[in-house]
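# Architecture at a glance
Single-letter residue listing:
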Amino acid sequence: PPVIWPAEEKAWQQLIEHLVKKRARNFILNGIWQMGLFPKNKELNLWAGPFCNTSNSLTIHTLKQLGFAGAIVTPELDKDGFLTLPEHSTLPLGIVLKGLWPLCISRTFSDELKTREPFISPKQETAWAIIYNNNYYHFPNWEINLSEHKNTLSRAGYSLFIYIHEPVPPKIKLKKRPGLWNWEHKLL
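Residues numbered from 1 in each chain as written. Predicted model: local features only at pLDDT ≥ 70, side-chain atom pairs only at ≥ 80, totals over all residues. Heavy atoms only, no water.

### Brief notes about the overall build of the protein chain
So the rule is basically this: Strands are runs of DSSP state E lasting at least 2 residues, helices are runs of H or I lasting at least 4, and numbering of each runs from the N terminus. We compute the radius of gyration over the C-alpha atoms and compare it with the globule rule, which gives 2.2 Å times the number of residues raised to the power 0.38. Think of it in three bands: residues with accessible area under 20% of the maximum for their type are buried, residues over 50% are exposed, and the middle band is partly exposed, with areas taken using a 1.4 Å probe on protein chains only. Contacts are residue-level and defined by heavy atoms, with any inter-residue pair within 4.5 Å sufficient. Methods summary: accessible areas were calculated by the Shrake-Rupley approach with a probe of 1.4 Å, and residue burial reflects only the protein chains presented. We treat Lys and Arg as the positive residues and Asp and Glu as the negative residues; His and chain ends play no part in the count. The atoms used to mark charge sites are NZ of Lys, CZ of Arg, CG of Asp and CD of Glu.
A tally of helices and strands in the protein chain yields four helices and ten strands. Mapped in sequence order, the helices and strands of the protein chain form the string α-β-β-α-β-α-β-β-β-β-β-β-α-β. Taking 16 Å as the expected radius of gyration for a compact globule of 188 residues, we find that the protein chain reaches 18 Å, a close match to that expectation. Dimensions along the principal axes, computed over C-alpha positions, put the protein chain at roughly 50 × 40 × 30 Å. Looking at the protein chain as a whole, 41% of its 188 residues are labelled buried. In the protein chain, the proportion of contacts linking residues at least 24 apart, taken out of those at least 6 apart, comes to 63%. Of the roughly 11300 Å² of accessible surface on the protein chain, a fraction of 52% belongs to carbon and sulfur atoms. Each charge class in the protein chain can be summarised by its mean position, and for the 22 positive and 16 negative side chains these summaries are 7 Å apart.

Dropping the structure here:
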């Protein structure tokens, strides 16, 4: 998970040790510090996940120095950012191609709201929250969807494509939107 609280750290370390003993080798870490939970002397394939917010070649180079085998870039980049990053990367890159991406993750949640129930923002946008591992994930009612650009992204150098499968609560209706996020925008 992107957030592991101090009280949960030991349990996660024990789970990782168990998985490594059972010969698990491929892991996606969603916090760079999580590298410290893994044994140093094992041949593991550790990737920096999308919550590490990797968005430039300097960060990728640092991840390589830390021992990461690859990185999944932040979904917040624009088209130019996505397409130019692989040519400057010292690691293999992945991308979230499709799925529900959280607006935020929080350890608190309003007492006036219920998880798995829709709530409406002041701009009349629908969202909902769900709790995983003591963290509240707040989702919009539409997906990121860069599927139509998969071939372009592959030609640019991406080798791992992530599809997020988040169950949608029964009272939530997903909007029909292109899901391009910042693809067509120019970021500063």
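### Description of the packing of aromatic side chains
Basically, it comes down to this: Stacked, tilted and edge-to-face are the three classes assigned to paired rings of Phe, Tyr and Trp, where Trp is represented by its six-membered ring and a pair needs centres within 6.5 Å; plane angles under 30 degrees give stacked, over 60 edge-to-face, the rest tilted.
Using the criterion set out here, one finds eight aromatic pairs in the structure. For the ring pair Phe-27 and Phe-38, a centre distance of 4.9 Å and an interplane angle of 65° mean the geometry is edge-to-face. With Phe-27 in strand β1 (residues 26-29) and Phe-38 in the loop between β1 and β2 (45-48), this pair connects stretches of sequence that are eleven residues apart. For Phe-27, a relative accessible area of 13% translates into the label buried. An angle of 25° between the planes, with centres 5.9 Å apart, marks the rings of Phe-82 and Trp-183 as stacked. Here the residue Phe-82 occupies a position in helix α3 (residues 79-84), and Trp-183 occupies one in the segment after β10 (158-163), the gap between them amounting to 101 residues. We classify Phe-82 as buried; its relative accessible area is 1%.

### Things to note about the side chain of Asn-30
Under the convention used in this document: N or O atoms closer than or at 3.5 Å make up a polar contact, with two conditions inside protein: a donor-capable atom paired with an acceptor-capable one, and, for residues adjacent in sequence, both atoms drawn from side chains.
Tracing the backbone shows Asn-30 in the loop between β1 and β2. A distance of 3.2 Å separates a polar side-chain atom of Asn-30 from the backbone nitrogen of Phe-51. When sequence neighbours within four positions are dropped, the list of residues in contact with Asn-30 reads Pro-1, Pro-2, Gly-49, Pro-50, Phe-51 and Cys-52.

### As for the pairing of strand β4 (residues 93-99)
Short version of the rule: In this scheme, strands are said to pair when DSSP sees at least two bridges between them.
Counting buried residues in β4 gives six out of seven residues, a clear majority hidden from the surface. Note: strand β3 (residues 70-72) against β4, two bridges, orientation parallel. Bridge pairing in β4 links Ile-72 to Gly-94. When β4 meets strand β9 (residues 144-145), the two strands line up antiparallel, connected through two bridges. Paired with Gly-99 across the bridge in β9 is Ile-144.

### Digging into the nonpolar core
Rules: Residues enter a nonpolar core if they are buried and are Ala, Val, Leu, Ile, Met, Phe, Trp, Tyr or Cys, with the set joined through side-chain atoms within 4.5 Å.
In terms of nonpolar packing, the biggest core is built from 38 residues, with Phe-82 and Tyr-158 touching the most fellow members. If you list the elements that add at least two residues to this core, you get α1 (6-21), β1, β2, α2 (57-66), β3, β4 and β10. Among the elements that take part in this core, β4 stands out by supplying four residues, more than any other. Aside from chain neighbours lying at most four places away, what touches Phe-82 is Val-73, Thr-74, Pro-75, Leu-77, Ile-95, Leu-146, Leu-153, Tyr-158 and Trp-183.

### Quick notes on a positive patch on the surface
Selection criterion: What goes into a patch is any residue over 30% in relative accessible area without a salt bridge, connected to like charges within 9 Å or, for nonpolar side chains (Val, Leu, Ile, Met, Phe, Trp, Tyr), within 5 Å. Basic side-chain nitrogens of Lys or Arg form a salt bridge, by our definition, when they fall within 4 Å of a carboxyl oxygen of Asp or Glu.
On the surface, Lys-21, Arg-23, Arg-25 and Lys-42 cluster together into a patch of positive charge. Secondary-structure assignment places Lys-42 in the loop between β1 and β2.

Interpretation in functional terms is not warranted from these geometric data alone.
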